[in-house]
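Coordinates in review
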There are 2 protein chains.
Amino acid sequence: MTSDKILLDHGSGGRISHHLTADLLLPLFTNEFLSPLNDGAILDLNGDRFAFSTDTFVVDPIFFPGGDIGDLAVNGTVNDVAMCGAEPMYVSMGLILEEGFPMGNLKTILASMKKAVEQAGVLLVTGDTKVVPKGAADKIFINTSGIGAINPQVRVGSDQARAGDKIIINGSMADHGMAVMAQREGLRFDTAIKSDTAALNHLVRKILANPRAVHVLRDPTRGGVGTALNEIAMQSGAGIKLFESALPVKPEVAGICELLGFDPLYVANEGKLLAFVDSDAAEAVLAAMRNDPDGKDACIIGEVVADHPGKVYMETRIGGHRIVDMLSGEQLPRIC
Amino acid sequence: MTSDKILLDHGSGGRISHHLTADLLLPLFTNEFLSPLNDGAILDLNGDRFAFSTDTFVVDPIFFPGGDIGDLAVNGTVNDVAMCGAEPMYVSMGLILEEGFPMGNLKTILASMKKAVEQAGVLLVTGDTKVVPKGAADKIFINTSGIGAINPQVRVGSDQARAGDKIIINGSMADHGMAVMAQREGLRFDTAIKSDTAALNHLVRKILANPRAVHVLRDPTRGGVGTALNEIAMQSGAGIKLFESALPVKPEVAGICELLGFDPLYVANEGKLLAFVDSDAAEAVLAAMRNDPDGKDACIIGEVVADHPGKVYMETRIGGHRIVDMLSGEQLPRIC
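About the criteria used
- For every chain, the first residue of the written sequence is number 1, and numbering continues from 1 onward in sequence order.
- All chains are assigned letters beginning at A, and all ligands numbers beginning at 1, according to the order in which they are written.
- For this predicted model, a pLDDT threshold of at least 70 governs which residues receive local features, and a threshold of 80 or more governs which side-chain atom pairs are given and counted, while totals over whole chains, interfaces and linings are taken from all residues.
- No hydrogens and no water enter the side-chain calculation; it runs on all heavy atoms of the structure.
- Pairs of strands are assigned from DSSP output, requiring at least two bridges between the strands.
- Each helix is a run of DSSP H or I of at least 4 residues and each strand a run of E of at least 2, with the numbering of both proceeding from the N terminus.
- Only the contacting stretch of a helix is used when fitting its axis, a line to C-alpha atoms as for every element, and angles between N-to-C directions run 0 to 180 degrees.
- Residues are treated as being in contact if the distance between any of their heavy atoms lies within 4.5 Å.
- As used here, buried area is the combined drop in accessible area, with a 1.4 Å probe, of two parts when they are placed together.
- Within this document, salt bridges are pairs made up of a side-chain nitrogen of Lys or Arg and a carboxyl oxygen of Asp or Glu, the two lying within 4 Å of each other.
- Pairs of N or O atoms are called polar contacts if they sit within 3.5 Å, as long as, within protein, a hydrogen donor faces a hydrogen acceptor (for residues adjacent in sequence, only side-chain-to-side-chain pairs).
- Just so you know the grouping, Ala, Val, Leu, Ile, Met, Phe, Trp, Tyr, Cys and Pro go in nonpolar, Asp, Glu, Lys and Arg go in charged, and all remaining residues, Gly too, go in polar.
- Under the scheme applied here, a residue whose accessible area is under 20% of the maximum for its type counts as buried, over 50% as exposed, and between as partly exposed, the area being computed with a 1.4 Å probe on protein chains only.
- The path from the first strand over the helix to the second decides the hand: if it runs clockwise while the strands point away from the viewer, the crossover is right-handed.
- This arc is built from the directions going out from the helix axis to the C-beta atoms.
- Definitions used throughout: a 1 Å grid over protein atoms alone; a cavity as a set of points that fits a 1.4 Å probe which cannot get out; a pocket as an open set with protein on both sides within 12 Å along at least five of seven lines; a lining residue as one with an atom within 4 Å of a point.
- Grid points are joined across faces, edges and corners, and a volume is the space filled by probe spheres set on the points.
- To line up the copies, we fit them by least squares on C-alpha atoms, keeping just the residues with pLDDT of at least 70 in both.
- Note that domain bounds follow an automatic or database assignment of domains.

Looking now at the sheet that holds strand 7 (residues 140–150) of chain A. All names here are of chain A. With mixed pairing, 5 strands are arranged side by side in an open sheet as 1-2-7-5-6. Two strands lie at the open edges of the sheet, namely strand 1 (41–45) and strand 6 (123–132), each paired on one side alone. Direction aside, the axes of adjacent strands within the sheet are offset by 20° on average.

Set out below in structure tokens:
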């Protein structure tokens, strides 16, 4: 699908935004460090490896159950750096503010960013603030970029999945997307659905205790678990088998997904990661993850197989198989 | 001046935005690396010093004589890293696109970014694209962040000005601000005024050939030369004397400033730098600068004096003196 105008789909994290990156950006800026389908770049700085990542946050609404655009922006970049197998160290903050934005809201968001950098154990070291006239932006947008050092023994990447790997997720799917959606639509539920926004670097440190056993780390944000797994399958030339019965979704989240017509496999997460691990190390990694507050519900949801390279299949509850494709339209604009 | 809402002035680069940074951001995120009045942070990465900087570009219009938002975004961050005395190496790109933005315009802007990274000799290594619904942003906003290595012999900073230093600028003032303003207002002039947007890292390399002689490097963007010098005077506790007769302004730029009521001292530049240099090294630095295409019009515009610490005075053409204050209102919103 081509268009002479930018569509909401171009920002979906799914198939159309994948094409924008692969067809337009990648050919222009090709270099040895640019791997646009990873969460960040792996740089050589005076002979050491560092991860460098950037992410812009435009979530609507800016306050939602479980978080706000401030901690989301910090956690999002901390996680992108951590998914490169790095220890996040430094983050930047670029603010775009709409004229008339309440100062009190800005203070709340900055306080939330401060708490998030402290919880992640990183430092916010540089920033920039732009103000645009009323109507030229919607309230506040935040860019964060981050840098972290990579342990020389770590070699993770979306192209490193190999047959036999177990695929671990650290908890339930679709919490963030559905929390934002419910807030945006003004839906009220008896059971509050909260965003899972969290910094995952402490959990990643535990996962990487045995660095050679971990092949892929990925946070399934926009486009959800389904899209992230498709990108990994394609980049690794590997087949992925998911077990539908193992996919963790909270009952209240499943309920609202059902009600609104969303598949939790494609809904954004902001405190979840996928780890592809050697099968004989999987139990040890699971045990280590379950010792971390952000990994207590960790479980195996699938494995890498020798069949159907580049594709993701799901073994359904009733024993059938169906293909799991990339997200092909914009499910939820401005989800992060 | 306090306000319970964000004002355009908060993004001016002048006094009000200075207060936003100093009163709100700095106390929250205080750490040894955060120096919000420098153009970037100086980081320790495995024992080596690196500069890290971020900047968001919201210029209106996005195409203007001499450049567009794409090369402006690359050059702006390259320059911020270079002003830390670093060799810029890597940049990131975070795009916010408005739904409906013409694909052809995006391609033009990306091509312009590509040309800018090539001219600067840096690599664009990571990026992110968000799309917001029509009306939630104005066309396109671009964040760039950058990283560069600092030669161990270099020690520049806005707090390093010392009495006796000569203050050098590499060419004429106010070109960028007046080019954007003329384009925005639909003004037509016989003599085209062009933005000075340029990457200054090659020029900085020549300036730093004698690293110990250079104390301050600063690009006078938002708020112009007048505001940048005030920040340096305050941070260094130094007095600054400017020579009005030495301030370079192109006649056509002076004309439009006069016409529209702007003082070129406070108008944004995007290809200019201020270098504070030991007086006995100043002639050698000037000669080196004049050998660079971006420094051919380099000249001395003032000096650091022992009097009036923290303040900037100008020796006027008729031999008087007047104080040069910080920009206190928003001259030109969305100038970069």
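The next subject is the interface of chain B and chain A. The extent of an interface is frequently quoted as the accessible surface area lost upon association of the parts. Taken together, the contacts link 76 residues of chain B with 76 residues of chain A. Taking both partners together, chain B and chain A bury about 6,500 Å²; carbon and sulfur atoms supply 71% of that area. Here chain B and chain A share 4 salt bridges between them. With a closest N to O distance of 2.9 Å, D128 of chain B and R222 of chain A form a salt bridge. On inspection of chain B and its partner chain A, the count reaches 27 residue pairs in polar contact (both at pLDDT 80 or more). Of all the secondary structure elements, the ones that give two or more residues to the side of chain B that touches chain A are helix 1 (15–28), strand 1 (41–45), strand 2 (48–57), strand 5 (86–98), helix 3 (103–120), strand 6 (123–132) and strand 7 (140–150) of chain B. With 10 residues, the top contributor of residues to the side of chain B that touches chain A is strand 6 of chain B. Broken down by class, the residue content of the side of chain B that touches chain A amounts to 41 nonpolar, 21 polar and 14 charged.

All names here are of chain B. In terms of burial, strand 6 is largely enclosed, as 8 of its 10 residues are buried. When strand 5 meets strand 6, the two strands line up parallel, connected through 9 bridges. By the bridge assignment, E98 is partnered in strand 6 with V132. In this region the chain leaves strand 5, passes through helix 3 and returns to the parallel neighbour strand 6; the handedness of that crossover is right-handed.

This part is about the sheet that holds strand 13 (residues 312–315) of chain B. All names here are of chain B. If you trace the 7 strands from one edge of the open sheet to the other, you get 9-11-8-12-10-13-14, paired in mixed fashion. Looking at which strands have only one partner, the edges of the open sheet turn out to be strand 9 (214–218) and strand 14 (321–324). Along the sheet, successive strands turn relative to each other by an average axial angle of 25°, direction set aside. When strand 8 (residues 166–169) meets strand 11 (residues 274–277), the two strands line up antiparallel, connected through 4 bridges. By the bridge assignment for strand 11, I167 is matched with F276.

Quick look at helix 7 (residues 251–260) of chain B now. Residues and elements named next belong to chain B. Taken residue by residue, helix 7 has V253, I256 and C257 as its buried positions. One side of helix 7 holds all its buried residues, which, seen down the axis, span an arc of 105°. Residues of helix 7 that are exposed and point more than 90 degrees away from the buried face comprise P251, E258 and L259. Residues of helix 7 that are buried make contact with helix 4 (175–184). Immediately beyond the C-terminal end of helix 7, within one or two residues, lies G261, with a positive phi of roughly 80°.

Next up on the list: the layout of surface pockets. Unoccupied space between atoms shows up once a probe the size of one water molecule is rolled over them. Reported here for the largest pocket is a volume of approximately 730 Å³. Lining the largest pocket are 30 residues, with S195, D196, T197, A198 and D294 of chain B positioned closest to its centre. Breaking the lining of the largest pocket down by element, the ones donating at least two residues are helix 2 (69–82), helix 3 and helix 7 of chain B. For the lining of the largest pocket, the leading source of residues is helix 3 of chain B, giving 4 residues. Volume-wise, the second largest pocket comes out at about 460 Å³. Forming the boundary of the second largest pocket are 22 residues, of which D175, S195, D196, K250 and K272 of chain A lie nearest the centre. Looking at the lining of the second largest pocket residue by residue, the classes come out as 6 nonpolar, 7 polar and 9 charged.

Before going further, it helps to examine unusual backbone geometry. With the exception of glycine, the majority of residues adopt a negative phi angle, and the majority of peptide bonds are in the trans configuration. Residues and elements named next belong to chain A. With an omega dihedral of 5°, the bond running from D60 to P61 counts as a cis peptide bond. Here P61 lies in the loop between strand 2 (48–57) and strand 3 (63–64). Of note, the phi angle at A174 is positive, near 80°, even though the residue is not glycine. Tracing the sequence through the fold places A174 in the loop between strand 8 (166–169) and helix 4 (175–184). In the Ramachandran plot, H308 falls in the positive-phi region, its phi being about 30° despite a non-glycine side chain. Inspection of the secondary structure puts H308 in the loop between strand 12 (299–305) and strand 13 (312–315).

This part is about the relation of the copies chain B and chain A. Superposing chain B onto chain A takes a rotation of 180° combined with a translation of 0.0 Å along the rotation axis, leaving an RMSD of 0.0 Å. Seen this way, the second copy is the image of the first under a two-fold rotation axis. Within chain B, A137 of chain B has its C-alpha nearest the rotation axis, a separation of 2.1 Å. A share of 100% of the interface residues of chain B reappears at the interface of chain A, consistent with the copies meeting face to face through the same patch.

Before going further, it helps to examine the domain arrangement of chain A. Residue and element names in this part refer to chain A. Under the domain assignment, chain A is made up of domain 1 (8–150) and domain 2 (166–323). Summarising the inter-unit geometry, the C-alpha centres of domain 1 and domain 2 are found 21 Å apart. Taken together, the contact between domain 1 and domain 2 spans 30 residues of the former and 28 residues of the latter. Linking R184 and D60 is a salt bridge whose minimum nitrogen-to-oxygen distance equals 4.0 Å. Our count for the domain 1 to domain 2 interface comes out at 10 residue pairs in polar contact (both at pLDDT 80 or more). Elements supplying a minimum of two residues to the side of domain 1 that touches domain 2: strand 3, helix 2 (69–82), strand 5 (86–98) and helix 3 (103–120). With 8 residues, the top contributor of residues to the side of domain 1 that touches domain 2 is helix 2. For the side of domain 1 that touches domain 2, the class distribution of residues is 12 nonpolar, 13 polar and 5 charged.

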